[in-house]
Amino acid sequence: MITYIIRRCLLTIPVLVGISMVSFGIVQLAPGEPTALFIDPEISAEDREAYLEHYGLNDPIPVQYVKWMGQILQGNLGYSLINQGMTVQEMILARLPNTLLLMIVSAIIAFAIAIPIGVYSATKPYTLKDYTFTTFSFLGVATPNFWIGLLAVTFLSVQFGWFPTGGVATLNEPFSIFDRLHHLILPAVVLGTSDMASLTRYSRTSMLDVLDQDYIRTARAKGFKQGKVVYKHGLRNGLIPVITMTGLMLPNFIGGSVIIEKVFNWPGIGLLFIDATFQRDYPLIMGLVMVSALLVVVGNLLADILYAIFDPRIEY
Amino acid sequence: MKKGKKFWLNVFIFILTLFLVACNDGSFDSTASDASATDGEPAEGGDLIVGGLSGPTVFNSLYSTSSTDSTIQDFMFNGLVEMDENVEPQPDLAENWEQSEDGLAWTFNLRDDVTWHDGESFTADDVVFTYSLPIDEDYIGPRGSSFEKFEEVVKIDDYTVEIHLSDPAPDMLADAMGYHVLPEHILGDLPVEEVGTHEFNTKEPIGTGPYKFDEWKQGQYVRVVANEDYFEGRPYIDSITYKIVPDKNSLLAQFTAGDLDHLSLTTEDIPSGEGLVEDGAAIMESIESASYSFMLYNLEHPALKEKEVRHALAHGLDRNTVIDTVLDGNGNVLDIPAVPFMPAYNEDPPVFEYDPEKAKEILDEAGWEVGADGVREKNGERLSFSIISNQGNSVREKIMLIAKQQWEEELGAEVSTEIIESSAFSDQVHRHEFDIAMRGWSISLDPGISSAFATEQIENGTNYGFYSNPEVDRLREESDLEPDPEKRYELIEEAQAIIAEDQPYLFLYNSDAYTLYNPKLQGHIMHPKAEFYRVHEWWFAQD
Amino acid sequence: MSDLLTIENLKTYFFKKKKVIPAVDGVDLKIKKGETIALVGESGCGKSLTSLSIMRLVPKPGGEIVEGKVNLDGVDLTKLTENEMCKVRGRDVSMIFQEPMTSLNPVLTIGEQLIEVIINHQKVSRPKAREKSIELLKIVGFSRAEEIMKDFPHRLSGGMRQRVMIAIALSCNPKLLIADEPTTALDVTIQAQILELMKGLTKEFDTSILLITHDLGVVSELAERVVVMYGGQVVEEAPIDSILNNPYHPYTDGLIQSVPSLTGEIKELHTIKGNVPSPDQFPKGCRFAPRCHKAFDRCFNEHPDLKAISDSCSVRCFLYEDKQEEEEYNV
C-alpha cells in the first residue's frame, strides 16, 4: 500500500504540470488583460504600457510560462496583479480554510442525512416512505442551489432571524465556536443539498443490490436480527461504491461553492476565483488553479485509499 | 432520533415555515425612531456598518482606480483640497492657496496641526514626496496622466509648498490636489518602483484622515477606527466597518435584517428601498451621479462615419421612453458629455428629439434608400451594424435591445447585438473592434473636455471611436490652459455644443444614484462622488 | 429414534400481482433425530422453498407460509415471533447454501464470521468464542486454522469456503442441519471430501440432516431415506435402498434412469420427456401425468393423494391405488 501511495504521489506531478500548462495557455489566450478594467478614462496609454511591461505581460506566452514555473519551483506563487503588493499565497490562504471548512462540513451533513435515508429506503423499497424520499431526492437534485439558498436567507435569516444573514462570524465579537457553527449551518446544508440527493439515490441502489446478495441470506440464517443484518453485514458492503462517489464530489464542491459563497457572503476561494478570472489576475488565477487541482488529486487519492481500506478484496 | 423520523421532522418544519410566511404580512420590528435628520445633539459612539459588492485592492490613491478603493481611502487619508457637494473646492490639508499670474506656479499653505496616525507630524516634506512620485520616470501606476503638467514640487518651508507646472492647469484643484498625501517618513526611502507594492498599501496604511486602519479580513470586511487626534476633531462615530457582500440581494437582505447601516441601491432595488422607507426602517436619498451613459460609434464604419446617419439614429431612439421603462424614470436625458450640476454645462446644445419621421427624411436625403428586404442601402453599402455590451449590466442590455428594435422597425437598419464578457469587451473596444459599444464614463469633478474627444488620443488613448474635430481639439487645448474660470467654462460649453452636433456618441442619460441608510444616522450628506463625504461629522441618534 | 422435525401440510405460496403461485402445495415430512434425509427433485419443484420455509426465510415481498405446521422438537416454528425465530436460526436449525463463493461476507474475516454466530447464541466471551472457532476450523479439516481465521473469503477456494460454511453451521450444535445443494457448485473430488466431512460430523454431533439435492449420486452417499418432490408436493418417500432398486413412482423411476451409468455401453441418455410445469400452471389432475408414459385417463382428471404402500414407503400415484386397496383388504 505504501508503494502504491508513493507511486500515486509521483504520478501527481506530471498531472499538475500538464494542468498548469493547459490552464496557463487558455487564460492567456483569452482576450482582455488586467488593465482592461481600469475604468478611469484619463489613464494614459503610457501608464498602461508601463504597467504591462513591468509585470512582463508583453512577453510571449511560453516565456511567461517558464518564468512562472521558475517561481513555482522556488515555492513562490507570485504577486497579485490587481491587489498589488499582496502575494497570491496570502490571498489564497486567507480564504482557503473557509472553503475547506464549508466543504467538509457540507460533505459530512450530506453523508449523515443521505446514507441513513438511502439504507432505510433500500430496506423498505417501493413503500410510501420510499417514494416520498425519492421525490424529495429528485426535488433536491432539480432545485438550483442558489434558489434554495436565497429562500433560506430570506425566510430563515431575514424574516425569522433564526440564522445570520451571512458571513463567517458575527462582526466585532470575540471568537466563539457556537457563533461559527451558527453561521456555518445554512450554507453547509444548502451546499450539500444536491449532493445529498444524489448520494441518497446512490446508496439506496447500492444497498438494494447488496441486500439481494447471498451472504445476507447467510447472515439471516445465522439468526441475526434485521438491524444487525443490514448494518453489520449490509452497510459495509453497500458503502464501498458510495466512497468512490466522494472522490467525484470534490470538484463539485469547489465549483458549486461559488454560488453559495455569493448568496451567503462566505469568503471562500470560489468567489476569489471568479473575480480573478474576470480581472485577468493571471498569477492569482494560476495559483488558484493549482490549488484546486491539488485538492482534487489529493481527494481522489484519499478516496482510493479509503476504498482499499474498506474493501479487503482490493490490494494495491 | 431515528433517521426516518429526523427527516419527517425536517419536512414538518419546512412546511410550517411556508405556512407561517404565507400568513405573515412581511412587516417586522422596526427599531427606528423618528426619522428626522436634524434632531438632537451629536453624540459619540456607534459602529457604522456599510456594505459594498467588492473588496478593496490597495489603500493608496496613486495606485488604484476602483471606486471601492477610493471610498475606503477617503476614511484614512486627505488630499490638499477637497471638492464639496456643490463641486466647490474646500481646504483639506491646505488652508489656502494661490496661483501665479501666468498660472504656472501654485503655492499651497499647509495646516500645521496635523499628525499622522503613527504620531509623526505632517509637513511639506510629505506633500513634496507624494506629488513627486507620479512624475518620476520609475512610477508604475495608473495615475500619471493627472500629473502630466507637473514639473517640480518644491518645499518652501515646513508648511508651504510650491508646484511648478509646464502649462496652466485649471483642473489642478479638482483633480491633482485631491490625491491623498502619503507619509514621507515611511515611504520616502523606497525606490520609486517599489512604492506601489510595499506592505503599506495593503497592510499598514498610515494616513492623516479621520479614521485609522484597523483590520482587513480578506473577502469579509475592512475596519477602521476613529482617529482621536484628527485635525477637525475626533469623529463622532467610533468605527466604520466596510462589509464585503458580493451579492446585491444579500446586501439588501442584510440591510433589512439590520446588519448594515448604509448601502448604494441599483435602479432595480429602488422599489425595495421605498418599501423599507415606508416601514420607517430606512432613509433613501438620491443625487445626480457623476457619470453618464452613451453609445460609442466607431467612426470608421462605412455607414456610421456619416454624420447624417448618426443624426438619424439619434432621432430614431426614444430616449425618454428608455429612461421611463428601463430606469423607472430615475434619470435625465443628456445631449452633451456633461452632467447638469457641473459648472460648465451648455443648456442649449443641438438636441435630437425623438422623431422617426425626421430620421427617415434625413436618411432619404442622404441617399440611403430602402432596399428590397427592408434594409437601407447606399452605393452597395447596407445600413447594417452591430452593438456590443458588456456582461452583467442588464440596464445596458435592455437599452441595446430597444435601440435595435426601434432602428430596425422605423429606420430600416439591420442591427445585431452581442453581450461580451467584461474584460474581453474592454479589450475589443481598445482594439477598435466594434461598430457601436454601450459605454459609460464616470466623470471627474473638473468640467474640462475629456481626452476621449481629442484627436491625439486616437492612437493609444481613450478615443476609441476615431473621433477627430480640429475645432474641438483647439477648444480643448485652450480651455485646459485658461486660468479664468468663466472664460474657461465658455470655451468648454462651446466645445460641448460642437460635440453634440458631431454625435461621436449617442448620449443617453445620466442617472441618479440612490443611497439607503439607517434612520438613526444623522449628518448624512449626499455628494456626487464621495459616498461618505465628511463622515467624521456623522453621528447616530440615541434612542 | 424419536421425531425431531415434523412438517404437516406445509403450503408456501407466492403472491405476485393478484396471481397466486402455489410453489409448495401441501408437503409432509418427518425427520428423526440423527437421521439424514434427502429431499430430491428437479429445479422448480419446491424443495429449496420448503427448506427456506422451515427457517422462515421465505423471500419477501411476495412469499408467505399460508398453511401448515413445522414442528421442531415440540415447537411449531410457524407460530413463533420473528425475535423468537432469530433464536432458533443458527442455533437449533442451521443452513448451508449452494453457492459457497457468494455465501460469505467479503468484507469480514473468516474468524469474525464464525465468532459472531457463537457470541450471538451463546453467552461466551470473545476469546472463548475465538478458541471454539479455531477448533471448529480444525474439525472441518483446516490444518492452518489460526491463519485462516485472519483471512478474507476471497482468498479461499470454493471447497474451503464450503467447509467454513459447515463450520459456521455446526458452531452452535444445531439439532437440524439443512444443506441445500451443498456440493453442486464444487468439483467432483471436492464434493467427495465435503460429503465425507458431513457424514463424519453428523455421527459425532448427532445432528439430523435435511439434504436437498437433485444429484442422486450424492443421495446414495449420505441419505438414509429419500423424499421425492414434484410440482410442489411429495410424490414418493422410501428408504435409500428401496428407492434405488425399486422405485414406485414413474417420476422417481425416470430420475434414476437418467443417471448415466459408468459401466456398459451408453447408446443414448435417458430423459423424461417434457418440462417441469411452472407453479402457476399446474395441470388439473396428477401433476406428472403429461410427462408420464404410464398415465391413463384417471390421472388427467383426478389428483392422487399421498398414500402409504408399506410401513416405510409412500407414493402419490393412481398406479398403486389398487395395490393399497388390496393391502387394506388383505388386512
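Under an unreviewed UniProt entry, the name given to chain B is Peptide-binding protein, and the organism recorded is Oceanobacillus neutriphilus. Per UniProt, chain B carries the Sequence similarities (unreviewed entry) text "Belongs to the bacterial solute-binding protein 5 family."

In the annotation of an unreviewed UniProt entry, the entry for chain A reads Oligopeptide transport system permease protein AppB, and the organism field reads Oceanobacillus neutriphilus. UniProt lists a comment for chain A under the heading Sequence similarities (unreviewed entry), and it reads "Belongs to the binding-protein-dependent transport system permease family." A UniProt comment under Subcellular location (unreviewed entry) is attached to chain A, and it reads "Cell membrane".

By a widely used convention, the size of an interface equals the accessible area lost when the partners come together. Listed by partner, the interface residues are 27 residues for chain C and 19 residues for chain A. Taken together, both faces of the contact between chain C and chain A bury some 2100 Å²; the carbon and sulfur share is 58%. Viewed at the interface, chain A and chain C are joined by three salt bridges. One salt bridge connects Lys222(A) with Glu116(C), and the closest N-O pair in it is separated by 3.1 Å. For the pair chain C and chain A, the interface holds 13 residue pairs in polar contact (both at pLDDT 80 or more).

On to the UniProt feature "domain: Solute-binding protein family" (unreviewed entry) in chain B. Under the UniProt annotation, the feature "domain: Solute-binding protein family" (unreviewed entry) is placed at residues 88–447 of chain B. Secondary structure across residues 88–447 of chain B divides into 25% helix and 27% strand, with the first and last C-alpha atoms of the span separated by 12 Å.

Residue and element names in this part refer to chain C. Counted at 1.5 Å a residue, the expected span for helix H8 (residues 188–205) with its 18 residues is 26 Å, and the 26 Å between its end C-alpha atoms agrees. Among the residues of H8, Gln-191, Ile-194, Leu-195, Leu-197, Met-198, Leu-201 and Thr-202 are the ones counted as buried. Taken end-on, H8 shows its buried residues confined to a sector of 160 degrees, consistent with a single buried face. Exposed and facing more than 90 degrees away from the buried side of H8 are Thr-189, Lys-203 and Glu-204. Positive backbone phi, approximately 60 degrees, marks Asp-206, located one or two places after H8.

This part takes up the sheet that holds strand E4 (residues 94–99) of chain B. All names here are of chain B. Strand order in the open sheet formed by four strands is E4-E5-E7-E6, and the pairing between neighbours is antiparallel. Each of the sheet's edge strands pairs with one partner strand only, and the pair in question is E4 and strand E6 (150–157). Here the average twist between neighbouring strands, direction ignored, is 20 degrees. Sheet topology places strand E5 (residues 105–110) next to strand E7 (residues 160–165); five bridges connect them, and they run antiparallel. What sits directly across from Ala-105, in E7, is His-164. Against the sheet, helix H3 (residues 124–132) contacts E5, E6 and E7, and its axis sits at roughly 175 degrees relative to E6.

This brings us to the pairing of E5(B). The side chains of a regular strand alternate between the sheet's two faces. Residues and elements named next belong to chain B. Burial of E5 is extensive: five of the six residues sit out of reach of the surface. Pairing of E4 with E5, which is carried by five bridges, proceeds in the antiparallel orientation. Within E5, the residue paired with Ala-94 across the bridge is Leu-110. Connecting the antiparallel pair E4 and E5 is a turn made up of five residues, with Gly-103 showing a positive phi of about 70 degrees.

It is worth spelling out the domain arrangement of chain A at this point. Residues and elements named next belong to chain A. Assigned domains of chain A: these are domain 1 (2–73) and domain 2 (96–310). For domain 1 versus domain 2, the separation of C-alpha centres amounts to 33 Å. When the two sides are added together, the surface that domain 1 and domain 2 hide from each other amounts to roughly 1500 Å², 77% of it contributed by carbon and sulfur. Summed over the three residues of domain 1 that lose the most area to domain 2, namely Arg-8, Leu-16 and Val-27, the buried surface amounts to 30% of that side.

Moving on, we get to the pairing of strand E9 (residues 225–230) of chain C. Residue and element names in this part refer to chain C. Of all six residues in E9, six are buried; the element is thus mostly enclosed. Where burial is concerned, the two faces of E9 agree: the one with Arg-225, Val-227 and Met-229 and the one with Val-226, Val-228 and Tyr-230 are both buried. Where E9 meets strand E10 (residues 233–239), six bridges bridge the pair, whose relative direction is antiparallel. Among the inter-strand pairings, Arg-225 is bridged to a residue of E10, identified as Pro-239. Where E9 folds back onto E10 in an antiparallel hairpin, the turn is made up of two residues, including Gly-231, whose phi is positive at roughly 60 degrees.

Now for the interface of chain A and chain B. Taken together, the contact pairs 55 residues of chain A with 61 residues of chain B. Buried area between chain A and chain B, summed over both chains or domains, comes out near 5200 Å², and the portion from carbon and sulfur atoms is 59%. At the junction of chain A and chain B, the tally comes to three salt bridges. A salt bridge links Lys203(B) to Glu90(A); the shortest N-O distance between them is 2.8 Å.

Moving on to the nonpolar core. In summary, soluble globular proteins display a tendency toward joint burial of nonpolar side chains. One finds Leu48(B), Leu80(B), Phe108(B), Tyr131(B), Phe150(B), Met172(B) and Met177(B) to be the most contacted residues of the largest nonpolar core, which totals 91 residues. Sorting elements by how many residues they give to this core places helix H11 (residues 282–310) of chain A first, with nine residues. Counting contributing residues per domain, this core is built from domain 1 (2–73) and domain 2 (96–310) of chain A, each supplying no fewer than three. Excluding residues within four positions of it along the chain, Tyr131(B) makes contact with Gly79(B), Leu80(B), Phe147(B), Phe150(B), Val153(B), Ala176(B), Met177(B), Tyr179(B) and Val181(B).

What follows concerns the sheet that holds strand E8 (residues 208–213) of chain C. With mixed pairing, the eight strands of this open sheet are ordered in space as E6-E7-E8-E3-E9-E10-E12-E11 (chain C). Every interior strand has two partners, whereas the edge strands, strand E6 (93–96) and strand E11 (307–308) of chain C, have only one.

All names here are of chain B. As a packed pair, helix H9 (residues 319–326) and helix H11 (residues 394–411) sit with axes 11 Å apart at the nearest point and diverge in direction by 140 degrees. With respect to H11, the element H9 is oriented oblique. As H9 packs across H11, the resulting crossing turns out to be right-handed. Across from Val-322, Thr-325 and Val-326 in H9, the residues of H11 making contact are Val-395, Lys-398, Ile-399 and Ile-402. In terms of residue class, the contact of H9 with H11 is built from five nonpolar, one polar and one charged.

Before going further, it helps to spend a moment on a negative patch on the surface. Together, Glu274(B), Glu278(B), Asp279(B), Asp324(B) and Asp328(B) make up a negatively charged patch on the protein surface. Relative to the assigned elements, Asp324(B) resides in helix H9.

Cut-off values and rules
The residue count restarts for each chain, going from 1 along the sequence in the order it is written. Here chains are named by letter from A upward and ligands by number from 1 upward, in the order in which they appear as written. Where totals are concerned, whole chains, interfaces and linings use all residues; where local detail is concerned, this predicted model gives features only for residues with pLDDT of at least 70, and gives and counts side-chain atom pairs only at 80 or more. Computation of side-chain values covers all heavy atoms of the structure but excludes hydrogens and water. UniProt positions are given in the numbering used here, feature names are shortened, and annotations may be inferred rather than shown by experiment. In this analysis, two residues are considered to be in contact whenever any of their non-hydrogen atoms come within 4.5 Å of each other. Summed over both partners, the accessible area (1.4 Å probe) lost when two parts come together is defined as the buried area. Note on definitions: salt bridges are taken to be side-chain nitrogens of Lys or Arg within 4 Å of carboxyl oxygens of Asp or Glu. Here a polar contact means two N or O atoms within 3.5 Å. Within protein one must be a hydrogen donor candidate and the other an acceptor candidate, and residues neighboring in sequence count only if both atoms are side-chain atoms. Helix and strand definitions follow DSSP, with helices as H or I runs of at least four residues and strands as E runs of at least two, each counted in order from the N terminus. Multiply 1.5 Å by the residue count of a helix minus one, and that product is the helix's expected span. Using a 1.4 Å probe on the protein chains alone, a residue whose accessible area is under 20% of its type maximum counts as buried, one over 50% counts as exposed, and one in between counts as partly exposed. In this description, one arc is meant: the one made by directions from the helix axis to the C-beta atoms. Strands pair, by our definition, only if DSSP identifies at least two bridges between them. Axis definition: a line fit to C-alpha positions, over the contact stretch in the case of helices; interaxial angles, taken between N-to-C directions, run 0 to 180 degrees. Domain limits in this description derive from either an automatic procedure or a database domain assignment. For the purposes of this section, nonpolar cores are sets of buried Ala, Val, Leu, Ile, Met, Phe, Trp, Tyr and Cys residues that join through side-chain atoms within 4.5 Å. For classification purposes, an angle smaller than 35 degrees is called roughly parallel, one larger than 145 roughly antiparallel, one from 65 to 115 roughly perpendicular, and anything else oblique. Crossings are classed by handedness, with left-handed meaning an anticlockwise turn of the near helix from the far one by less than a right angle and right-handed meaning a clockwise turn. Each residue is assigned to one class: nonpolar for Ala, Val, Leu, Ile, Met, Phe, Trp, Tyr, Cys and Pro, charged for Asp, Glu, Lys and Arg, and polar for all the others, Gly among them. Patch members must show over 30% relative accessible area and no salt bridge, and they are joined within 9 Å when carrying like charges or within 5 Å when they are nonpolar side chains of Val, Leu, Ile, Met, Phe, Trp or Tyr. Per-residue and other accessible areas were derived by the Shrake-Rupley procedure at a 1.4 Å probe size, with only the shown protein chains allowed to occlude residues. Only four residue types enter the charge count, namely Lys and Arg as positive and Asp and Glu as negative; His and the chain termini do not. In plain terms, the charge of a residue is placed at NZ if it is Lys, CZ if Arg, CG if Asp and CD if Glu.

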